Amino acid sequence: ILMSCADATIMWWTVPVALLASGLAMLAVLAKNKLGAGLGISALGISAAVILFSMEILPDIASMEPFEGYVRIVNATPPEVKIGVEEALHGWIDEISFQTGRHPATLTGATELQAFLSEPCLVLTSEDKLNQLSATTRSRLNVLLRANVITHALTPGYVIQHSGNLQDPIPVVMVATPGLEDSKK
């Protein structure tokens, strides 16, 4: 959850404060007809906001997308093991491909997921999609990693609507078919 403590809240205010301060300074110099100074202050204010955003806010967001755990699991499996990713998590395919050198299959629907799980594989899916599988299929799978993460586009509207709670309530899980239990190491 973003802004979960007093320090985080103060940290998040630095970006708007930097923009406000530069805006007021820009107005002051523009009132004196110093257009060049106003443009310079504007550029400095925007640059400061971007730098502060990248130093303070992006690390919080990146910590809610724990790719390293999933990538570590994929890298621990032999190259012939297939990897599948639920279609709703399609944004993760590029990151997994980039960090592992292996391109996951996109799985659309419970039927395709069920068929994919008939061979040795790893699958990244939401827990609710996993629960749509038959009890027999679920009972033979090993859950290697379960985490509440960000799985959707972050827009200002979404952040405001969810009061800064960016993680989805339904966990994303990586499951393995029998024989791949050691991939968790």
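None of the values given here were measured: they were computed from a predicted structure.

K.L.:
Can you explain the environment of S22? Please cite residues and give values.
P.N.:
Residue placement: S22 occurs in helix 1 (residues 6-31). Sequence spacing of S22 and L44 is 22 residues, and the spatial spacing of their C-alpha atoms is 7.5 Å. In terms of polar contacts, S22 uses its side chain to reach the backbone carbonyl oxygen of L19, at 3.0 Å.

K.L.:
Can you break down the sheet that holds strand 3 (residues 121-126) residue by residue, with the values?
P.N.:
On the basis of which strands lie adjacent, the open sheet formed by 5 strands has the order 2-1-3-5-4 and mixed pairing. Across the chains shown, the open sheet's two edge strands, defined by having one partner strand only, are strand 2 (105-107) and strand 4 (142-147). Going from strand to strand, the sheet's axes swing by 20° on average, the running direction of each strand aside. Sheet analysis places strand 4 next to strand 5 (residues 172-176), joined by 5 bridges and oriented antiparallel. Opposite L145, over in strand 5, you have M174 as the bridge partner. Each of strand 1 (82-86), strand 3, strand 4 and strand 5 is contacted by helix 3 (residues 67-75), which is oriented at about 160° to strand 4, the strand it contacts most.

K.L.:
Could you give me a rundown of the side chain of R102, with the residues and numbers involved?
P.N.:
By the element assignment, R102 lies in the loop between helix 4 (91-100) and strand 2. Buried within the structure, R102 lacks any salt-bridge partner; E80 is the closest side chain of opposite charge, at an N-O distance of 7.2 Å. Polar side-chain contacts of R102 include one of 3.1 Å to the backbone oxygen of P78. Those residues within four positions of R102 in sequence are excluded, and the remaining contacts are V74, T77, P78, P79, V81, I83, I96 and S97.

Calculation rules
Residues numbered from 1 in each chain as written. Predicted model: local features only at pLDDT ≥ 70, side-chain atom pairs only at ≥ 80, totals over all residues. Heavy atoms only, no water. Helix = DSSP H or I, 4+ residues; strand = E, 2+ residues; numbered from the N terminus. Polar contact = N/O pair within 3.5 Å; in protein donor to acceptor, adjacent residues only side chain to side chain. Pairing = 2+ DSSP bridges. Axes fitted to C-alpha atoms, helices over the stretch in contact; angles between N-to-C directions. Contact = heavy atoms within 4.5 Å. Buried < 20%, exposed > 50% of the residue type's maximum accessible area, 1.4 Å probe, protein only. Lys, Arg positive; Asp, Glu negative; His and termini not counted. Salt bridge = Lys/Arg side-chain N within 4 Å of Asp/Glu carboxyl O.

Any functional reading would require information that these geometric values do not contain.
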